[in-house]
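Fold and geometry: a report
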Amino acid sequence: MADIKRIGRHLLQHRWRERRDFPPKVLAAIEAAIKAGEATHSGQVRFVVEGALDGAPLFRNQPARERALDIFSQLRIWDTAHNNGVLIYLLLADRDVEIVADRGIHAHVGTAGWEKICVEMETEFRAGHFERGVIKGIEAVSRQLAVHFPQGGGMNELPDKPVVI
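So, here's what we can say about the structure. Predicted model only: the values in this text are computed from it and were never measured.

The subject of this paragraph is the packing of helix α3 (residues 24–38) against helix α7 (residues 130–148). Between α3 and α7, the least distance of the axes is 9 Å, while the angle of their chain directions is 10°. As judged from the angle between their axes, α3 and α7 are roughly parallel. Listed contacts from α7 to V26, A29, I30, A33, I34 and G37 of α3 are E131, V134, I135, I138 and S142. For the contact of α3 with α7, the class distribution of residues is eight nonpolar, two polar and one charged.

This is how it looks when you write it as structure tokens:
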């Protein structure tokens, strides 16, 4: 049975919230942070923000983690040469951050390492610092990638532009 409070929260989540917290200026800063981070490693970082679930994902009570896995697949983040793609996913209505990492980098960082970054980002978000929280998360992910997959002159395999759903 779907959580009625969660459904209500998602149905009441309006696009204005995404536009308020992630206006073009903030999205440009996030894209610049991804580009800067990728200059230090051969990994691929994507950031996706989704205001709220709707339709089937909402009514079947899809958890944010499961939704992040779907988006990881849809954006083909798993399809990198060195299996080092990382998705940072924010579901605003649930105030939940999920990091999904391909097996190459996940083997080095592990679930606890990603969770630590998520908690730090969520702390910033609770204070209303969305831009700072996302950029701190991108920088933390990039530090991990730089340690385990240093820049080797490879090509940029995935777009750096944030995705707003």
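Picking up after the structure, the text goes on.
Formed by 31 residues in total, the largest nonpolar core has its most connected members in F22, F47, I88, L90, W114 and V141. Listed by contribution, the elements that provide at least two residues to this core are α3, β1 (44–50), β2 (85–91), β3 (96–101), α6 (103–126) and α7. Excluding residues within four positions of it along the chain, F22 makes contact with L27, I30, F47, V49, L90, L92, F130 and V134. I7, L87, Y89 and L158 belong to the second largest nonpolar core, which has 14 residues in total.

The mixed open sheet is built from four strands, whose spatial order is β3-β2-β1-β4. Strand pairing shows two members of the sheet lacking a second neighbour, β3 and β4 (163–164), which therefore form its edges.

In terms of residue burial, β1 counts as a mostly covered element, since seven of its seven residues are buried. In terms of strand pairing, β1 meets β2 through seven bridges, oriented parallel. In the sheet register, R46 faces β2, and the bridge partner there is L87.

Rules and cut-offs
In this convention, every chain numbers its residues from 1, walking through the sequence in written order. Reporting of local features is limited, given that this is a predicted model, to residues whose pLDDT is at least 70; pairs of side-chain atoms are given and counted only at 80 or more, and all residues count toward the totals for whole chains, interfaces and linings. Side-chain measures were taken over the full set of non-hydrogen atoms in the model, leaving aside hydrogen atoms and water. Only the stretch in contact is used when a helix axis is fitted, and all axes are lines through C-alpha atoms; the angle between N-to-C directions ranges over 0 to 180 degrees. Here a strand is any run of E in DSSP of at least two residues, a helix any run of H or I of at least four, and the numbering for each starts at the N terminus. What sets the label is the angle itself: under 35 degrees gives roughly parallel, over 145 gives roughly antiparallel, 65 to 115 gives roughly perpendicular, and the rest give oblique. Note on contacts: a residue pair is in contact if any heavy atoms of the two residues lie within 4.5 Å. All residues other than Ala, Val, Leu, Ile, Met, Phe, Trp, Tyr, Cys, Pro, Asp, Glu, Lys and Arg, Gly among them, are scored as polar; the first ten of these are nonpolar and the last four charged. Here the nonpolar core consists of buried residues drawn from Ala, Val, Leu, Ile, Met, Phe, Trp, Tyr and Cys, with membership extended through side-chain atoms lying within 4.5 Å. Throughout this description, buried means an accessible area under 20% of the type-specific maximum (1.4 Å probe, protein chains only), exposed means over 50%, and partly exposed covers the range between. Pairing between two strands is assigned when DSSP locates at least 2 bridges connecting them.

The quantities given are spatial measurements derived from coordinates; they are silent on function.
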